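# Structural overview for review
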Amino acid sequence: MLTYWKSAYGTWIDYPQRVGKVLQNRYRIERFLGMGSYGLTYLCRELASSREIVLKQAKPSKGLLGQQLLQREMEIMGQLDHPSIPKCVSSFRAGKRRLFMITEYVSGQTIEDLIFEQGVVFGEKEALGFIRRLMDIVQYLHEQGIVHLDIRIPNVILQGERIHLIDFGLASRLGEPGFAEIGVDEEQRKRKTVNVISDLYAIGHFLLFMLYSAYVPETVSANDAVGWEEELQLSVQTKQLIRKLLQIDPAYGDAQALISDLDAALRQ
C-alpha cells in the first residue's frame, strides 16, 4: 500500500504544467514536449522577444537528485560552444522544489520522427555519412572531457542540412561518477558507464536504427530468428564497423578511430 501511495504522489507532483501558463511573468508555455527520468520539458515563448525557447524542469518527485542533475546539465552545457549543441540561456527557481533551465530551441525533425512517422529511408552510404557528421559533434564533446550517455534517435535533430545533438540530462564529465541509476544488466553497463566507449556503443545502435529503416523483412518462422548481420545487406566494412561499435569485436578506443573507419567506408 505504501508503494502505491508513493507512486500516486510522484505522479501527482510530476504532472505537467498547463499550456498557456506564464512563468516568472516572462515565459508562456506553448507545448509540453515530454517527460524523462529526471525532468519535464516544455516549448515556451519569451513574452518580451516572442522567441521560442525550451524550458526544462527538474522532476519534483526526484527531489534533490533531480535538481543536482539539472544543475550539472546547466554547468556542462555552459562550458560547451558548438553550433550543433543548444546553448543554456539561463535558469530560475520557483519555490524550493522547482528548478528550471532555459535553453535555445532547435526546430526540425528528430531522427525518430523521420523514420517512424515520416517513413524516411536511409541507405547504407547515407546512414554512414550521417553518422560521420554526427561524430564531429561527439568528438568535440569528448575533447571537452564530456560524454553524452544518451545518444539516441529522439535526441538528434535534423534541421535543414545541420545535425543537432540535444538533451544533456545524463551527460557526465570523464573521471566523475555518473548520477544515472545504472542497471545491473550488461546493456545498461555498456550504455551508461562514464566512458567514451559508452557513446560509441550508443552510436552503433543509432546506426542500426537508420539501416533498418530500409529493411523489408522476409517471411520466416518464429524458430528461424536471425540477427542484424543476416537481415541487413551490408558491406563487409560496415559490418566490421558495427561489430566494433557494439563491442562484439574489440571496441573502438576513441572517436577518432571510428571516424577513420567511417571515412574509409565512405571512400569505397
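These figures come from a predicted structure and were not determined experimentally.

Our focus in this paragraph is the nonpolar core. Within the largest apolar cluster, 53 residues are counted, with the highest numbers of intra-cluster contacts made by Ile111, Ile131, Leu134, Met135, Ile203, Phe206 and Leu258. Looking at this core element by element, the count peaks at 10 residues for helix α4 (residues 124–143). Met135 has contacts with Leu200, Ile203, Ala255, Leu258, Ile259 and Leu262, leaving out every residue within four places of it along the chain. The next biggest cluster of nonpolar side chains, apart from the first, holds 11 residues, and it includes Ile29, Leu40, Cys44 and Ile53.

Using the criterion set out here, one finds 7 aromatic pairs in the structure. Ring geometry for Phe32 and Tyr42: centres 5.4 Å apart, planes at 55 degrees, overall tilted. Linking Phe32 in strand β2 (residues 27–35) with Tyr42 in strand β3 (residues 39–46), this pair joins segments that are 10 residues apart in sequence. The exposure class assigned to Tyr42 is buried, which follows from its relative accessible area of 1%. Ring geometry for Phe116 and Phe209: centres 6.3 Å apart, planes at 80 degrees, overall edge-to-face. With Phe116 in helix α3 (residues 111–116) and Phe209 in helix α6 (residues 196–212), the pair connects residues that are 93 residues apart, well separated along the chain. For Phe209, a relative accessible area of 41% translates into the label partly exposed. Among the aromatic residues, those joined into a ring-pair cluster are Tyr27, Phe92 and Phe100.

Sheet architecture is open: 6 strands sit in the order β1-β2-β3-β4-β6-β5, paired in antiparallel fashion. Of all strands in the sheet, those bounded by a partner on one side alone are β1 (22–23) and β5 (88–93). Two strands pair when backbone bridges link them, and strand β4 (residues 52–58) and strand β6 (residues 99–104) are joined in this way by 5 bridges, in the antiparallel orientation. Residue Ile53 lies in a different strand from β6, and its bridge partner there is Glu104. Contacting β4, β5 and β6, helix α2 (residues 63–78) crosses the sheet at an angle of about 30 degrees to β6.

As a further point, take the pairing of strand β9 (residues 156–159). Across 2 bridges, strand β7 (residues 109–110) lies against β9 in antiparallel orientation. Following the sheet pairing, Thr110 is matched in β9 by Ile157. Pairing between β9 and strand β10 (residues 162–165): 4 bridges, direction antiparallel. Bridge pairing links Val156 to Leu165 in β10. Joining the antiparallel neighbours β9 and β10 is a turn of 2 residues, in which Gly160 adopts a positive phi near 65 degrees.

To continue, consider the environment of Leu174. Tracing the backbone shows Leu174 in the loop between β11 (172–173) and α5 (186–192). Taking the C-alpha atoms as reference points, Leu174 and Asn195, 21 residues apart in sequence, are found 6.5 Å from one another. If sequence neighbours within four positions are ignored, Leu174 has contacts with His142, Gly145, Ile146, Val147, Val194, Asn195 and Val196.

The rules we used
Residues numbered from 1 in each chain as written. Predicted model: local features only at pLDDT ≥ 70, side-chain atom pairs only at ≥ 80, totals over all residues. Heavy atoms only, no water. Core = buried A, V, L, I, M, F, W, Y, C linked by side-chain atoms within 4.5 Å. Buried < 20%, exposed > 50% of the residue type's maximum accessible area, 1.4 Å probe, protein only. Helix = DSSP H or I, 4+ residues; strand = E, 2+ residues; numbered from the N terminus. Contact = heavy atoms within 4.5 Å. Phe/Tyr/Trp six-rings, centres within 6.5 Å; stacked < 30°, edge-to-face > 60°. Pairing = 2+ DSSP bridges. Axes fitted to C-alpha atoms, helices over the stretch in contact; angles between N-to-C directions.

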